[in-house]
Structure formats: C-alpha cells, structure tokens
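Overview (structure and organization)
Listed below, chain by chain, are the residues.
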Amino acid sequence: MGDRGNVVVMQSEDPKDAVWLYTHWNGSNIASDLAKALNKFGKARWDDAPYLTRIIFCQMLPEKYHNEETSWGIGTRMGDNEHTILVVNTDKKTIHKVEENALEDRRLPAVLPKGISFDAFIKKTLKKEKTV
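Note that the structure is a prediction, hence the values are computed from the model and not measured.

How each quantity is defined
- Residues numbered from 1 in each chain as written.
- Predicted model: local features only at pLDDT ≥ 70, side-chain atom pairs only at ≥ 80, totals over all residues.
- Heavy atoms only, no water.
- Phe/Tyr/Trp six-rings, centres within 6.5 Å; stacked < 30°, edge-to-face > 60°.
- Helix = DSSP H or I, 4+ residues; strand = E, 2+ residues; numbered from the N terminus.
- Buried < 20%, exposed > 50% of the residue type's maximum accessible area, 1.4 Å probe, protein only.
- Lys NZ or Arg CZ within 6 Å of the ring centre and 35° of its normal.
- pLDDT = per-residue confidence, 0-100.

1. Here's the deal with the packing of aromatic side chains
A full pass over the atoms with the stated rule returns two aromatic pairs. Summarising the aromatic geometry, the rings of tryptophan 46 and phenylalanine 118 are spaced 5.0 Å apart at their centres and angled 85° between planes, so their arrangement reads as edge-to-face. Separated by 72 residues along the polypeptide, tryptophan 46 in the loop between helix H1 (30-40) and helix H2 (49-60) and phenylalanine 118 in helix H3 (residues 118-131) bring together distant segments of the chain. Phenylalanine 118 shares its class with tryptophan 46; the two are buried. Geometrically, the ring pair formed by tyrosine 65 and tryptophan 72 is tilted, given 4.9 Å between the ring centres and 35° between the ring planes. The lysine or arginine in question, arginine 45, covers the ring of tyrosine 51, its NZ or CZ lying 4.1 Å from the ring centre.

Written out as structure tokens, the structure reads:
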C-alpha cells in the first residue's frame, strides 16, 4: 500500500543525466509539489540544477518526515511508481510527462515526449488546484 510517485531532474537531453526523486506516500500530489517548488523562489534557481533539485525534494518531503528512515528517496533510477512520471529539464526549462510503460530498465527513454514550459506548468497546475 502507498501512493508512489517520481520526479526526475535532468540538466541535459541525456537520460543518463537524471536524478530521480521518489515519494512512497504522496504521489497523488507530485504535480502540485513540483509546481509549488518551481514557483517558490520565482525563477531565481531555475538555472541552477543542484539547488532546484533540492528545492523540489524539500517540497516533496514534508518537514514532519525529516527524521523518518523510509518513504522518500533520491536515486539514478525510478523507485516504485503509481503515477505519471514528471521530468524536469533544467536546460530547456520544460516539464515532460512520461508513462512508466515507456521506461526501459526503470530509466528514461532516449527521446522524451513534448514538454511544456515551467511557467505554463506552474500556471496550469496551481490554477487546477485552486478550482478543486
């Protein structure tokens, strides 16, 4: 049982250049967490992949769980998954949605589906959240 989800952060088009952020309990909210993280400091860290990755992970991991041993992780491959995988390309400032069945050996495909800009993703996701 769980609510597993993944966000992937890449600095280039190369799928080998990917850091996977995993949640065991909050996959249903992964798009919202990502939009909030991108929006948190405006565009200040969009060009700085290491900082942006940390900001995204911190948004995904509620403070009350900081001392837990399990349930969130960082890796080079997909963790367990139940939702569409969100891929953050920091070089192009785009978000891509990838279905798990498009992965090979729990890694990203060589060519990602068409993405949307960070700005469009934030606007669309946070707007949807306000109407719910």
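2. Considerations on the confidence of the model for the protein chain
Chain-level statistics for the protein chain give a pLDDT mean of 92 and a share of 99% at 70 or above. Mean pLDDT across the secondary structure elements of the protein chain bottoms out at H3, with 90, and peaks at strand S6 (residues 116-117), with 98.

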